[in-house]
Amino acid sequence: MPDSIMDDYLRRIDARRPQRADLAGLRHIMERHLLSVPFENLGYHLDEDIFMDERALEKIVHGNRGGGCYEVNPALSFLLKDVGYELDIVPGWVHRPGGVLGPFLGHLALRVKAEGRQWLVDVGFGRNSRFPLDLASREVQHDPHGDYQLHDAGEGAVDVHLGGKPLYRVADRPVTIADFAPTLWWYRTSPDSSFLQGLFASIRTPDGLITLKGNKQVSMVAGEQRSKRLLESESEALSAYKEYFDISLDRLPDEPAGGVTAGVRTE
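Numbering of residues starts from 1 in every chain and runs along the sequence as written. Since the coordinates come from a predicted model, pLDDT governs what is reported: local features require at least 70, and pairs of side-chain atoms require 80 or more to be given and counted, while whole-chain, interface and lining totals use all residues. As a convention, hydrogens and water are excluded, and side-chain values are obtained from all of the structure's heavy atoms.

Caption draft 1: View of the layout of surface pockets. Taken as a whole, the second largest pocket holds about 340 Å³ of empty space. Along the wall of the second largest pocket there are 16 residues; nearest its centre are His145, Arg204, Gly208, Val221 and Arg226. Helix and strand definitions follow DSSP, with helices as H or I runs of at least four residues and strands as E runs of at least two, each counted in order from the N terminus. Elements with a contribution of two residues or more to the lining of the second largest pocket: strand E11 (208-213) and strand E13 (225-230). For cavity detection a 1 Å grid was placed over the protein atoms alone, and a set of points counts as a cavity when a 1.4 Å probe fits there but cannot get out; an open set counts as a pocket when protein lies on both sides within 12 Å along at least five of seven lines, with lining residues being those that have an atom within 4 Å of a point. Grid points are joined across faces, edges and corners, and a volume is the space filled by probe spheres set on the points.

Pasting the structure below:
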């Protein structure tokens, strides 16, 4: 990878290059990433290729796009390695309504070493923390996005809870990005795939969240205030992608069959 794309990456998220691979630098890069790169699945509905390797950088850095965990977390891992951090790719399962866990390798997260501790770094879940979570702590970890707590789930795995409710589980077992290829195929092809059932783009703001679902509605949270805006035409929807996410599209993504827009929870 050329060094220039990493410099472009830092500019893309308006982040400074850390002088050392410490916790402060990790917190800064993670926060800037979440405030700059949307969690979105437009590519699944635009018939785009989904890349988990270095090719994801071109989409995010020069294409000014975002993606799901299989794209944004690997891309962030390349940036973190470039600025000096040691890290592992770790697999996870997503908790579903009723407590059922999704498929193994259904989620991809990062375990990053800084200042002698291991930190969970995740910018590809939609409801993840703004700052790294201490993997050794079982106390409540207060974050701008809510109160997170890790619970032991056996065999070294931990469940990540937000506000007392489980989000996902991560295993204490490093894997490679290539190990996720079968699950990516499942997400791209299965009618049960949440990424095919829902169409969304979501981005964090300093005090809230902006979400566009199904080309139809923009939901905005700013502090205690909530509002919604209905999009009544194709041109209005295309303008909304540009206005709220700085995403320029030639056409709207195809809406899921049956008009389903729930899919992955982003709030």
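Caption draft 2: Broad picture of helix H7 (residues 234-245). Helix span is expected to be 1.5 Å times the residue number reduced by one. Taking 1.5 Å per residue as the helical rise, H7 with its 12 residues ought to reach 16 Å, and the 16 Å between its terminal C-alpha atoms agrees with that figure. Of the positions making up H7, those classed as buried are Ala237, Ala240, Tyr241, Tyr244 and Phe245. Across the axial projection of H7, the buried residues extend over an arc of 100°, all falling on one side. Turned more than 90 degrees off the buried face of H7, the exposed positions are Ser235 and Glu243. Note on contacts: a residue pair is in contact if any heavy atoms of the two residues lie within 4.5 Å. In this structure, the buried residues of H7 make contact with strand E10 (200-205), E11, strand E12 (217-222) and E13. Each residue gets one of three labels from its accessible area relative to the maximum for its type: buried under 20%, exposed over 50%, partly exposed in between, using a 1.4 Å probe on protein chains only. Picture the helix axis, draw a direction to every C-beta atom, and the arc is the one those directions span.

Caption draft 3: Looking closely at helix H3 (residues 55-62). Restricting attention to buried positions, one finds in H3 the residues Ala56, Leu57, Lys59, Ile60 and Val61. Elements that come into contact with the buried residues of H3 comprise helix H1 (3-12), strand E1 (39-40) and helix H4 (69-82). Within two residues after H3, Asn64 carries a phi angle of roughly 55°, on the positive side.

Caption draft 4: Spotlight on the side chain of Lys59. Residue position: Lys59 is located in helix H3. Classification of Lys59 by relative accessible area gives buried; the value is 17%. Under the rule applied, a polar contact is a pair of N or O atoms within 3.5 Å (in protein, one hydrogen donor and one hydrogen acceptor; residues adjacent in sequence only if both atoms are side-chain atoms). Separated by 2.7 Å, the side chains of Lys59 and Glu71 make a polar contact. Setting aside anything within four residues of it in sequence, one finds Lys59 in contact with Glu40, Glu48, Ile50, Asn64, Arg65, Gly66 and Glu71.

Caption draft 5: View of unusual backbone geometry. Its identity is not glycine, yet Asn64 carries a phi of approximately 55°, on the positive side. Along the polypeptide, Asn64 turns up in the loop between H3 and H4. In this model, Asp246 sits at a positive phi of 55°, which is unusual for a non-glycine residue. Tracing the chain through its elements places Asp246 in the segment after H7.

Function-wise, these values are silent; they only describe arrangement.
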